Every structure is written in structure tokens, then in C-alpha cells.
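The primary structure of each chain is shown beneath.
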Amino acid sequence: MLVLGGGINGAVSAAALSSRGARVALIDRGDFAGETSQSSSNLAWGGIKYLETFELGLVRKLCRARNRLIRAYPSTVQEIRFFTAHQKGFRHGLFKLVFGALFYWLIGDFFTRGPRRLSLSAMEREEPIVRLDGCDGGFEYSDAFLHDNDARFVFGFIRAALDHGCAAANYVESLGARREGALWITRARDATSGRTFEIRSRAVVNACGPWADAHNVLLGEKTAHKHVFSKGIHIIVDRLTPHRRVLTFFADDGRLFFVIPMGPKTCIGTTDTRVSTPEVAVTAEDRRFVLENINKRLRLPRPLTEADIIAERCGVRPLVVAAEGTGQGKDWTQLSRKHVIEVDPQTAHLTIFGGKITDCLNVGEEVCAELSKLGIALPFAGRVWYGEPPAAVRDEYFHQARLMDLDALTSPRSSEKLSTRLWRRYGANALALLENIRADPAMGEILIEGAEYLRGEIEYAARREMVVKLSDFLRRRSKIELVVRREEVLAARGLREACAILFGPQAEEKLAEYAGAAGGAGADALQIRAKLRG
Ligand SMILES: Cc1cc2nc3c(=O)[nH]c(=O)nc-3n(C[C@H](O)[C@H](O)[C@H](O)COP(=O)(O)OP(=O)(O)OC[C@H]3O[C@@H](n4cnc5c(N)ncnc54)[C@H](O)[C@@H]3O)c2cc1C
């Protein structure tokens, strides 16, 4: 089986298939999760807003998918409260929205804490940062969020696939494929060396996300569906509220708008703009929209400006429509977020259209089921291919962490114990990290200032996390680049040593490549590059 694309949909396909005994390869032309799957709102949610369009089936499915993720990844996918202010005169009254939240709870099998209505005085007391002018109250309900970030979550599936024998490679692009007898011959290009080569497979899973249609054209695969694109951005700023909850508003365009905790920072967004291509970037207008909306709705010591932005995220939602449709007739923001897997049984070709990170376990299951129907043997068809390690492994890890007093190494800046963080990030592999720290206490030292990353973690990333470029590590295996300003990352003591660990003799080259990409042509970039040369 060849899986094309290492975003969430490709990653779960590879993890499910390889864990169930198939022989699998996965390639991505960039880094794993280097596109849409690094730009989400980091939420695993049942889609409360789709109640408005009466997509009850979709909400039920997403709620159950969310519940399954919370159960399977208790330290990574965690319940969080959504604190919502209601403006008088909004298109739905407060009573109706509270009722909607109750219904949402019911449709989600009462799995989370129940919703509650909030009086203005309770809101003022609990979240004084929220501006209540023009509000008549609010409510709170539960969904879940990805504690680290989406890209790290995706890499967990890539790592699981590798552990089950999958051959996964980032920076390898599919240039197209042809059929020869019962086989697909895919022409691939290694983006680092420029070398091209062929990959033979019985089936192809097209998980190219927003680029899936373009790849199908290369193969001459006709499908009943296609994508249209909705661009969304987020900005990251210093933490706005000390409470771990999502603040929810209705933006000026009527869409839900979130203030989401992101480690020591706050992530704000998102937008929903129809675009015609998946290649997008944050524009001045996007920034203005987000800043204006947030400044209107929060009581801040001073309004947020562009200077407060630490990092930005931007991507397109691949939305499924019928191949001959355009999605034009419908209200744009109300196009469905469901996924569709289309199979061509003649050629053993699957395309995954649309979807959400929340629904990823279903996508993995469905890909296995569809390929089994095509006669591809999955020797361990009943195997559970996802989830954190069993309780016994967890207990052993925390026991060992206690014995060696690991939490004494927790950075004073961190709001969470080191043992908890390592378990969440590395699961059973955290045991090997403990062993390394015992053998060499230098492995327990924080290497990149301000980023709370241990030398041992970077050494682990170098061995097991397929880091090709520095941004793979700073942006996707970790979230350093999202929570520390780029100029601070580049100036951090320890970055050079981190590069030496990650890239060996290529360290300087990779650092310079990153500085070039990070800084563009501005004066800051020139200074940074001069500093690196110095
Ligand atoms: C702003 C925004 C907010 C969102 N918020 C949420 C949320 O909170 N919760 C949620 O569940 N979902 C959310 N989503 C939806 C979710 O992020 C996407 O549905 C999901 O990430 C899509 O994953 P994918 O694997 O299909 O695509 P991608 O992640 O884009 O992966 C496709 C991969 O294919 C690769 N590729 C393309 N062409 C080739 C080729 N020729 N050869 C090899 N590789 C190729 C690309 O490099 C890319 O890595 C959000 C999306 C956006 C944009």
C-alpha cells in the first residue's frame, strides 16, 4: 500500500494499515503535517455549530469521535470548557443557545461535564477579561483540545506506523503514477537530493488533502467529489487569561471565534474565507479582522496590535462538494465538514476528501475496511491501532520518574510537571528518555532557553523523529516556534548545540537555511544572519 500525504488523514491510514499487518509506505512532499494539519484550531470537537444547519448525524458522529479520542489519549486530548458570551440581538436568543448546548451534551452521550448557564455576574467574576457590554448572559459547555499541537499529534501516528514497519519518508513527492497490470508504479522525487525513483504498490491511498484533486488529475482518476477551500488563520499572543478554558464569541461575520490556551500563550482565531487555491498566506486584512474582533470582545489593559503577534498559523479547510458542484449555492460558512472516502475498485485507488482531525480514528478504520473489500489482506484485522500505552506501562514510567526525582528538573517557568510533559509527548518511549537522563545527567538540562526542551529530548528527536529541517523540529515536533518569537529562537543560547545534535556536520547549513527562511529580507534577518556567521 502506498499512502500519499502525511497530514492527519495519511498518518492515520498508515498507522492503521501497518499495525494491522499490511506492508505500507507513506511519502509527503514536505514535512509530515506540514500543511493543513499544522494550522487547525487544535480542537477535538463535536461540531456544536453544525446543529444550526441540523446536521445531526454529523454532530453525533463527531461527538462520538471526540469521546473516543479523549478515552484513547487521556493525556493528549483533554476535555476543556468553552465559555461563551451572548450578545443581545444575536440571530439566536440565549435561551435557544443554552438549550442547544444541552442537546449537544445529550447527543454526545453525556460524556463530558454538562453545560451550565451563566449570569452576567458569574461571568464577570469568573472571566473578568470578557467584555460584557451588550450581553445578556452566557453559558459554558465542554469539548476537547489537543494539549500539545496538531502537528505533534499527527507525528504520533507516523511514529506508530514506523514502529509497525511502515516505510515513511518526508520530503519525497509523488510526481504521478501509472498502472502496470495489477500494480501502481508511482514516480517519486526526493526533494533533498533531487533523485527520482519508482514505488510499486498494489493500492494507492490519496491523502493529499487540499491537493488530492490535483493528484487525481495526474493519475486520470475520475471522482464523484472534489474540494473547495476555506482559508482560516490564527494568531498567537502572550497569555490573555490565566484560566485553562476556551473563550468563545461570535465574530462580526457571525462565526464562532475562539481564544484558545496554547501552552504559555494564547491562540486566537479563526477566519473562514473562500479561496480558489490551497496556497495561502496571512494577509494584513486577516490580521485586522482577528485583532479588531478580539479587541472588541475583551477588556484588555491596551488593545492588541500586530506587534503583539508572536506567531501565525494559516491553512485551508478542504471541504467536499459534488464534482460538478461549486458549493456556491449554499451559505459558504455552512458547507459541511464531513469526510468522504471514494474508492475506485478497478484500480485499487482511494481518495480521502475533507474531514477533521477529530474524526481521524474513523478515517483509519474506514481506509482499512475499504482496502479489505478490495481483497488486501490485513492479518491483524481486529487489532486496536491507536491510543496511549496501557496503564501498567504508565505506572512503571511514573514510578521510575518519582524514584529519580525527575520533577525536580521542571523549569520554574513551566505550569506542568516535567514527568507529565514527557509522558504526554513520548508515551512508552519516555522510559528510554529516563534511562538516558540517569546515564548522563546533562540529558536532563534545558537546552533551548525559553523553550523548556531538554538536551535528551533533542537527542531523541534526532534519532526517532525524522527531522530534516530545523523548522520540522521547531514548528511541528515541538511547538517552540509558535510560543517563542523567531528572533528569540534564533538568539537562544543552545540553538547551535541543538542543531549539532539534530544535524551533525550539516548543523551550520541547516541553521542558516532556517534563518534565511525565518527572516525574509528584512533588516532583522540580515542582522540575525550576520550574527550566525559571526
Ligand atoms: C483554520 C483551520 C482550523 C481547523 N480547525 C480544526 C479543529 O479545530 N479540529 C479539527 O478536527 N479539524 C480542524 N480543521 C480541519 C483539519 O485541520 C483538516 O481537515 C485536516 O488537517 C486535513 O488533513 P489532511 O491530511 O487531509 O490534509 P493535509 O494536512 O494538508 O495533508 C496533506 C499532505 O499531502 C501532502 N502532499 C500534497 N501533494 C503531495 C504529493 N504530490 N506527493 C506527496 N505528498 C503530497 C502535503 O504536503 C500535505 O502534508 C481545521 C482546518 C483549518 C484550515
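Check the entry above for the structure.
Everything quoted here is computed from the prediction, not taken from an experiment.

To continue, consider the overall build of the protein. In terms of helices and strands, the protein carries 18 helices and 21 strands. A globule of 534 residues ought to have a C-alpha radius of gyration of about 24 Å, and the protein, at 23 Å, matches this closely. Across its three principal directions, the C-alpha atoms of the protein cover 65 × 55 × 50 Å. Out of the 534 residues belonging to the protein, those deemed buried represent 58%. Within the protein, counting contacts between residues at least 6 apart in sequence, those at least 24 apart form 72% of the total. For the protein, the exposed surface amounts to about 22500 Å²; the carbon and sulfur share of it is 54%. Computing the positive centroid from 75 side-chain charges and the negative centroid from 65, the protein places the two 2 Å apart.

A word on the environment of Ala14. Relative to the elements of secondary structure, Ala14 occurs in helix α1 (residues 8-19). The spacing of Ala14 and Arg159 is 145 residues in sequence and 9.9 Å in space, taken between C-alpha atoms.

All chains considered together, the criterion is met by 20 aromatic pairs. Through a chain of ring-to-ring contacts, the aromatic side chains of Trp45, Tyr50, Phe82, Tyr104, Phe139, Tyr141 and Phe258 assemble into a single cluster. The positively charged end of Arg29 is found above the aromatic ring belonging to Trp211, 5.0 Å away from the centroid.

Turning to the packing of helix α2 (residues 56-72) against helix α8 (residues 360-373), a few remarks are in order. Here α2 crosses α8 at 95°, and the two axes come no closer than 8 Å. Put simply, α2 runs roughly perpendicular to α8. For the pair formed by α2 and α8, the contact residues are Lys61, Ala65, Arg68 and Leu69 on the first element and Cys360, Leu361, Asn362, Glu365 and Glu366 on the second.

This brings us to helix α13 (residues 470-477). Burial analysis of α13 places eight of its eight residues in the buried class, the great majority of the element. Those residues of α13 lying buried are Leu470, Ser471, Asp472, Phe473, Leu474, Arg475, Arg476 and Arg477.

Time to look at the side chain of Lys231. With respect to the secondary-structure elements, Lys231 resides in strand β12 (residues 225-238). Lys231 sits in the buried class, given a relative accessible area of 7%. At 2.6 Å, the side chain of Lys231 and the side chain of Asp286 are in polar contact.

Ranked by size, the top nonpolar core spans 71 residues in total, and within it Leu422, Ile448, Leu470, Phe473 and Ile480 carry the most contacts. Per-element accounting of this core gives the leading share, six residues, to helix α3 (residues 94-107). Sequence-distant contacts of Ile480, that is, excluding residues within four places in its chain, are made with Ile448, Ala451, Tyr453, Phe473, Leu474 and Val489. Formed by 50 residues, the second largest nonpolar core is a distinct cluster that contains Ile8, Ala11, Val205 and Leu371.

For the rest of this paragraph, the subject is the site of the ligand. Lining the immediate surroundings of the ligand are 35 residues, of which Asp28, Thr36, Ser37, Leu43 and Gly355 lie closest. Take Asn9: an N or O atom from its side chain is 3.0 Å from an oxygen atom of the ligand. Thr36 places a side-chain nitrogen or oxygen 2.5 Å from an oxygen atom of the ligand. Notes on the ligand: free accessible area 1000 Å², of which the protein chains cover 97%. Broken down by secondary-structure element, the contributors of at least two residues to the shell around the ligand are α1, β8 (172-180), β12 and β17 (311-322).

Ordered in space as β7-β2-β1-β11-β19-β18, the six strands form an open sheet in which the pairing is mixed. Both outer strands of the open sheet, β7 (167-169) and β18 (339-344), are each paired with one neighbouring strand and no more. Along the sheet, successive strands turn relative to each other by an average axial angle of 15°, direction set aside. Pairing geometry for strand β2 (residues 25-27) and β7, over three bridges, is parallel. Within the sheet, the bridge partner assigned to Leu26 lies in β7 and is Ala168. Running over the sheet, helix α6 (residues 212-219) touches β1 (2-4), β11 (204-206) and β19 (349-354) and is turned about 155° from β19.

Let us now look at unusual backbone geometry. Most peptide bonds take the trans configuration, and most residues that are not glycine carry a negative phi. Of the consecutive residues Gly269 and Thr270, the connecting peptide bond is found in the cis state with omega at 20°. Examined against the element boundaries, Thr270 turns out to sit in the loop between β15 (265-269) and β16 (273-275). The backbone of Asn42 sits at a positive phi, close to 65°, despite the residue not being glycine. Among the structural elements, Asn42 can be located in the loop between β2 and β3 (43-44). By relative accessible area, which is 4% here, Asn42 ends up buried. The residue Ala348 is not glycine, and still its phi comes out positive at about 55°.

Reading the values: the criteria
Residues numbered from 1 in each chain as written. Predicted model: local features only at pLDDT ≥ 70, side-chain atom pairs only at ≥ 80, totals over all residues. Heavy atoms only, no water. Helix = DSSP H or I, 4+ residues; strand = E, 2+ residues; numbered from the N terminus. Rg over C-alpha atoms; globule rule 2.2 N^0.38 Å. Buried < 20%, exposed > 50% of the residue type's maximum accessible area, 1.4 Å probe, protein only. Contact = heavy atoms within 4.5 Å. Areas by Shrake-Rupley, 256 points an atom, 1.4 Å probe, with all protein chains shown as cover. Lys, Arg positive; Asp, Glu negative; His and termini not counted. Charge placed at Lys NZ, Arg CZ, Asp CG, Glu CD. Phe/Tyr/Trp six-rings, centres within 6.5 Å; stacked < 30°, edge-to-face > 60°. Lys NZ or Arg CZ within 6 Å of the ring centre and 35° of its normal. Axes fitted to C-alpha atoms, helices over the stretch in contact; angles between N-to-C directions. Parallel < 35°, antiparallel > 145°, perpendicular 65-115°, else oblique. Polar contact = N/O pair within 3.5 Å; in protein donor to acceptor, adjacent residues only side chain to side chain. Core = buried A, V, L, I, M, F, W, Y, C linked by side-chain atoms within 4.5 Å. Near = heavy atom within 4 Å. Pairing = 2+ DSSP bridges.

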